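Here are the chains, one letter per residue:
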Amino acid sequence: MPNEPTAPASGNGDGWTYTLVPLPDGRTCEVLVHGRHDRVLVHQPGTPSGAAPDPLLAEVSDSLGLRVVIPLRPGYGRSTPNPGRRMADVPGDIEAVLAHLGASEFVSAGYSGGGPHSLATAALAPACRAAAVVVSPAPRDAAGLDYYAGMAASNFEEWALADQGEPAVRPWLEKQAAELRERPIDTYVELFGDALPAPDRAVVDRDGATRIGVGLRKALENGIEGWLEDDIALTTPWGFDLTTVTTPVTFWSGRQDAFISYAHTVWMAQRVSGSDLHLLSAHGHLSLMRALLPDLLGDLVTKAGWS
C-alpha cells in the first residue's frame, strides 16, 4: 500500500492527523499524530484499540512540549497484519515510523495490552529514553504469579481461549467484533461489565461515545486481525528478557483493576532493575491513566532528561 498524505482525524480531531507510513518489509503502518514538537511521545493503546483523537492527551502533551505519535499495531485500522508477531517485533515498526517522521528519540507510554509493547520498546529500541507501563499484564509464563487471580470472569473467557491458540479464540473475537462495530459502548459494557468498578464505569460513562467508541471502531474497521495478533502475542513468549531492560521504566497500576490484577505490575517491577512502581488504591483499569496523565507524562519527561 503506498504512502498517503496526512488527513484530518474525524470527531474531536482538532490538530490530529492520520497518515500511512511504509515499512521496510513492504507492510504499512497507520499512524495518528498530534503536534509538531521535536520531542515525541509514542502512545501505545490497549487491546483492542485503534487510535482515536484524545483532547486530554493533546492538552497534557502540548503543555509538556511533546508531539504525540500513535502507531496502530499490525492488523488494526489500516495497518497491514503481521501474523505471528511477538512483542519483540513491534519496536522495529515504531523505529521505522519515527524515522519516517524525522524523530530521533522518544518516550513511550503503553496502556493495558499496549503495556508489554511499551516495555518491549524500552528493551529493544535504542532511541527510547524512558517508558511507562500502565495497568499491564505480565508475561503469560511469569514464574510464581497466579496469572488469573483477581481477573473478572469476562476477561478470563477471552484469555482462556487465547491460551488455546488462534483456532479457539478467533470465532469468539469475530462474534464480539461484529457487535462492537455496531454498538461499541453498549457491547463493551455487556462484555466486560463485571470488570468495571465504579472509577472505571465513570470513565466509560464520560468517554464512551467519543474516545472509547471511536477507538474501538477504528481498531476493528478492517477485521479482527489486530485483536487476534495481540491476544496471541500476549499469551506466548514475548521475545525479550525483562531483566535486561536498562532504559528507565515506571510501572503504574490500580488496586481496583479487575481486568489485570495489580500483582502483574508488581511482578514485572521486581524484575526490571531500577524501575519505579506506583500502586493507586483509588483506581481501576480505565481510570488510572485518565486521572494521572499529567503525572505519568511528566515522569517520562523527567526520566528522559527533557525537563
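Here the structure is a predicted model, which is why all the values come from computation and not from measurement.

Participant: Run through the overall build of the chain, naming residues and quoting values.
Facilitator: Counting its secondary structure elements, the chain contains 11 helices and 9 strands. The C-alpha radius of gyration of the chain comes to 18 Å, within 12% of the 19 Å expected for a compact globule of 307 residues. Along the three orthogonal principal directions, the C-alpha set of the chain runs to about 45 × 45 × 35 Å. For the chain, the residues scored as buried account for 59% of the 307 residues in total. At a minimum sequence separation of 6, the contacts of the chain that also span at least 24 residues come to 73%. Entry remark: accessible area of the chain is about 11,800 Å², with carbon and sulfur atoms responsible for 51%. Averaged over its 23 positive side-chain charges, the chain has a centre that lies 2 Å from the centre of its 37 negative ones.

Participant: I'd like a rundown of helix α7 (residues 198-219), residues and numbers included.
Facilitator: Over its 22 residues, α7 extends only 26 Å from the first C-alpha to the last, a length that falls short of the 32 Å expected when each residue adds 1.5 Å. A bend of about 95° at Gly-208 is the largest found in α7. All buried positions along α7 are accounted for by Asp-200, Val-203, Val-204, Asp-207, Gly-208, Ile-212, Gly-213, Gly-215, Leu-216, Lys-218 and Ala-219. Looking at the buried side of α7, the elements it contacts are β2 (16-22), β3 (28-34), α5 (166-182), α6 (184-192) and α10 (287-291).

Participant: Lay out the packing of α5 against α6 in plain terms, naming residues and giving numbers.
Facilitator: Where α5 meets α6, the axes come as close as 6 Å, and the angle between the chain directions of the two elements is 135°. Considering their axes alone, α5 and α6 lie oblique with respect to each other. Contacts between α5 and α6 involve Trp-172, Gln-176, Glu-179, Leu-180, Arg-181 and Glu-182 from the former and Pro-184, Thr-187, Tyr-188 and Leu-191 from the latter. A per-class count over the contact of α5 with α6 returns 5 nonpolar, 2 polar and 3 charged.

Participant: Tell me what's going on with empty space enclosed by the protein, and back it up with residues and numbers.
Facilitator: Under the definition given, this model contains 3 cavities of 30 Å³ or more. Taken together, 38 residues form the lining of the largest cavity, with Gly-46, Thr-47, Pro-48, Ser-49 and Tyr-111 sitting closest to its centre. Among the secondary structure elements, those contributing two or more residues to the lining of the largest cavity are α4 (153-163), α6, α7, α8 (225-234) and α10. Ranked by residues supplied to the lining of the largest cavity, first place goes to α7 with 5 residues. Of the residues contributing to the lining of the largest cavity, the split by class is 22 nonpolar, 11 polar and 5 charged. As a volume, the second largest cavity reaches approximately 70 Å³.

Participant: So what's going on with the packing of aromatic side chains? Residues and values would help.
Facilitator: Using the criterion set out here, one finds 7 aromatic pairs in the structure. Between the aromatic rings of Trp-172 and Trp-227, the centroid separation amounts to 6.1 Å while the plane-to-plane angle is 70°, which identifies the pairing as edge-to-face. One end of the pair, Trp-172, is in helix α5; the other, Trp-227, is in helix α8, and 55 residues separate them in sequence. Its relative accessible area of 10% is what places Trp-172 among the buried residues.

Participant: How would you explain the pattern of salt bridges if you had to name every residue and give the values?
Facilitator: The final tally for this structure, using the stated rule, is 24 salt bridges. Its salt-bridge partner being Arg-73, residue Asp-230 comes within 2.7 Å of it at the nearest N-O pair. Placement of the pair is Asp-230 in helix α8 and Arg-73 in the loop between β5 (67-71) and α2 (90-101), with a sequence separation of 157 residues. Classification of Asp-230 by relative accessible area gives buried; the value is 0%. Arg-73 gets classed as buried once you look at its relative accessible area, which sits at 5%. Of the charged contacts, one joins Glu-221 and Lys-218 as a salt bridge, the two residues approaching to 2.9 Å between their closest N and O atoms. Lys-218 gets classed as buried once you look at its relative accessible area, which sits at 11%. Salt bridges sharing common partners tie together Asp-54, Arg-206, Asp-207, Arg-211 and Arg-290.

Participant: Got a sec to walk through the state of the cysteines? Specific residues and values, please.
Facilitator: Counting across every chain of the model gives 0 disulfides. Among the cysteines around Cys-29, which has no disulfide bond, Cys-128 carries the closest sulfur, lying 16 Å off. Of the residues examined, Cys-29 reaches a relative accessible area of 4% and is grouped as buried.

Participant: Just give me the short version of the side chain of His-34, but keep the residues and values in it.
Facilitator: With respect to the helices and strands, the residue His-34 is situated in strand β3. Residue His-34 is classed as buried on the basis of its relative accessible area of 8%. Only 3.1 Å separates the side chain of His-34 from the backbone oxygen of Gly-15, close enough to count as a polar contact. Polar contacts involving the side chain of His-34 include one to the side chain of Asp-62, which spans 3.2 Å. In contact with His-34, other than residues within four places in its own chain, are Asp-14, Gly-15, Trp-16, Ala-58, Asp-62, Arg-67 and Val-68.

Reading guide: rules and limits
- Residues numbered from 1 in each chain as written.
- Predicted model: local features only at pLDDT ≥ 70, side-chain atom pairs only at ≥ 80, totals over all residues.
- Heavy atoms only, no water.
- Helix = DSSP H or I, 4+ residues; strand = E, 2+ residues; numbered from the N terminus.
- Rg over C-alpha atoms; globule rule 2.2 N^0.38 Å.
- Buried < 20%, exposed > 50% of the residue type's maximum accessible area, 1.4 Å probe, protein only.
- Contact = heavy atoms within 4.5 Å.
- Areas by Shrake-Rupley, 256 points an atom, 1.4 Å probe, with all protein chains shown as cover.
- Lys, Arg positive; Asp, Glu negative; His and termini not counted.
- Charge placed at Lys NZ, Arg CZ, Asp CG, Glu CD.
- Expected span 1.5 Å × (residues − 1).
- Bend = angle between axes of the 7 residues up to and from the residue.
- Axes fitted to C-alpha atoms, helices over the stretch in contact; angles between N-to-C directions.
- Parallel < 35°, antiparallel > 145°, perpendicular 65-115°, else oblique.
- Nonpolar A, V, L, I, M, F, W, Y, C, P; charged D, E, K, R; others polar.
- 1 Å grid on protein atoms, 1.4 Å probe; cavity = no way out; pocket = protein on both sides within 12 Å on 5 of 7 lines; lining within 4 Å.
- Points joined across faces, edges and corners; volume = space filled by probe spheres on them.
- Phe/Tyr/Trp six-rings, centres within 6.5 Å; stacked < 30°, edge-to-face > 60°.
- Salt bridge = Lys/Arg side-chain N within 4 Å of Asp/Glu carboxyl O.
- Disulfide = S-S within 2.5 Å.
- Polar contact = N/O pair within 3.5 Å; in protein donor to acceptor, adjacent residues only side chain to side chain.

So far we have only geometry, and geometry alone does not tell us how the molecule works.
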